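Tertiary structure, described
Chain by chain, the residues run as shown.
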Amino acid sequence: GWLCLPCDISCLSCEGPGALDCLSCPMNSHRFSTDSSANSGECVESCPVDGWYLGEVENVCKKCHRSCLRCDGGMETDCSACFAGFVLLRGERNDELDGSCVAGECPGSYFKSGQRECTACAKNCLECSGETAEECKRCEPEGGFPFMLMENEDSIQGRCSAFDPDTGNCPGGYYFKRNGERQFCYKCHSSCQECLDPSPTSCISCPQAHLSIKTI
């Protein structure tokens, strides 16, 4: 007849008497084996930090994708930390790259947001200091939002904007200035609706209920 032997004390069920023969584990522990194809393993309190993640449905420690140092799942876009020489890409700008590790420094349209971590710039921004739309330093010239809206000519960052469909230039309340291939829109004086430069005497038009006084 059949002879039933006890599992190791660490196992809930098993295929042999040893601590490495567990098929399932008690609550608050997880099955782990360095052989990812094995049906059995040891029960551990937590999966190894580097190279493994917890498959919660099966309650089994599983290997990260080979490109990840640490991960939240088995795909190459599930990385949470990268090996030395690689950076982790974050942000929703490119869903195909979000959560992946790439070699080198932060690529274009990303800024350094942590040690070996890069976060995507806002949409239409090629270079930035942060992820908000107002932290852009360079806009995509071919992206339909070629103008950089700036508070004043001393500003080093701003927001990318589409051109005004009526004028083909800066939107209302801003004046145009080109610097090489880059196109900037700077804020008019608060008294102007349209202007030529930041001076309060350079208004082309005024807000409703205000009059423009021209000197001869």
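Our structure's up above, just so we're on the same page.
Below or above, wherever it landed, is the structure these notes cover. Since this is a predicted model, take the numbers as computed values, not measurements.

**Details of the overall build of the chain**
Each helix and strand in the chain was counted, giving zero helices and 20 strands. Its C-alpha radius of gyration of 29 Å places the chain more than 25% over the 17 Å reference for a compact globule of 216 residues. In terms of overall dimensions, the chain has C-alpha extents of about 115 × 35 × 25 Å along its principal axes. A buried classification covers 33% of the 216 residues belonging to the chain. Long-range pairs, those at least 24 residues apart, make up 18% of the contacts in the chain with a sequence separation of at least 6. For the chain, the accessible surface area stands at approximately 14,000 Å², while carbon and sulfur atoms represent 51% of it. Taken together, the 18 basic and 32 acidic charged side chains of the chain have centroids lying 7 Å from each other.

**Structural notes on the pattern of salt bridges**
Throughout the structure, instances matching the rule amount to six salt bridges. Where E58 meets K62, a salt bridge forms, and the shortest distance between an N and an O atom there is 2.6 Å. The partner of K187 in a salt bridge is E151, with the nearest N and O atoms 3.4 Å apart. A residue pair is termed long-range when its members are at least 10 positions apart, and K187 in strand β18 (residues 182-187) and E151 in the loop between β15 (147-150) and β16 (159-161) qualify at 36 residues. Residue K187 is classed as partly exposed on the basis of its relative accessible area, which comes to 35%.

**Comments concerning the sheet that holds β18**
An order of β16-β15-β18-β17 is seen for the four strands of this open sheet, with the pairing classed as mixed. Since the sheet does not close on itself, it has two edges, and those belong to β16 and β17 (174-179), each with one partner. Strand-to-strand twist in this sheet, taken as the mean axis angle between neighbours without regard to direction, amounts to 35°. Strand direction decides the pairing type here: β15 and β18, joined by four bridges, are parallel. By the bridge assignment for β18, F147 is matched with Q183.

The rules behind the values
- Residues numbered from 1 in each chain as written.
- Predicted model: local features only at pLDDT ≥ 70, side-chain atom pairs only at ≥ 80, totals over all residues.
- Heavy atoms only, no water.
- Helix = DSSP H or I, 4+ residues; strand = E, 2+ residues; numbered from the N terminus.
- Rg over C-alpha atoms; globule rule 2.2 N^0.38 Å.
- Buried < 20%, exposed > 50% of the residue type's maximum accessible area, 1.4 Å probe, protein only.
- Contact = heavy atoms within 4.5 Å.
- Areas by Shrake-Rupley, 256 points an atom, 1.4 Å probe, with all protein chains shown as cover.
- Lys, Arg positive; Asp, Glu negative; His and termini not counted.
- Charge placed at Lys NZ, Arg CZ, Asp CG, Glu CD.
- Salt bridge = Lys/Arg side-chain N within 4 Å of Asp/Glu carboxyl O.
- Pairing = 2+ DSSP bridges.
- Axes fitted to C-alpha atoms, helices over the stretch in contact; angles between N-to-C directions.

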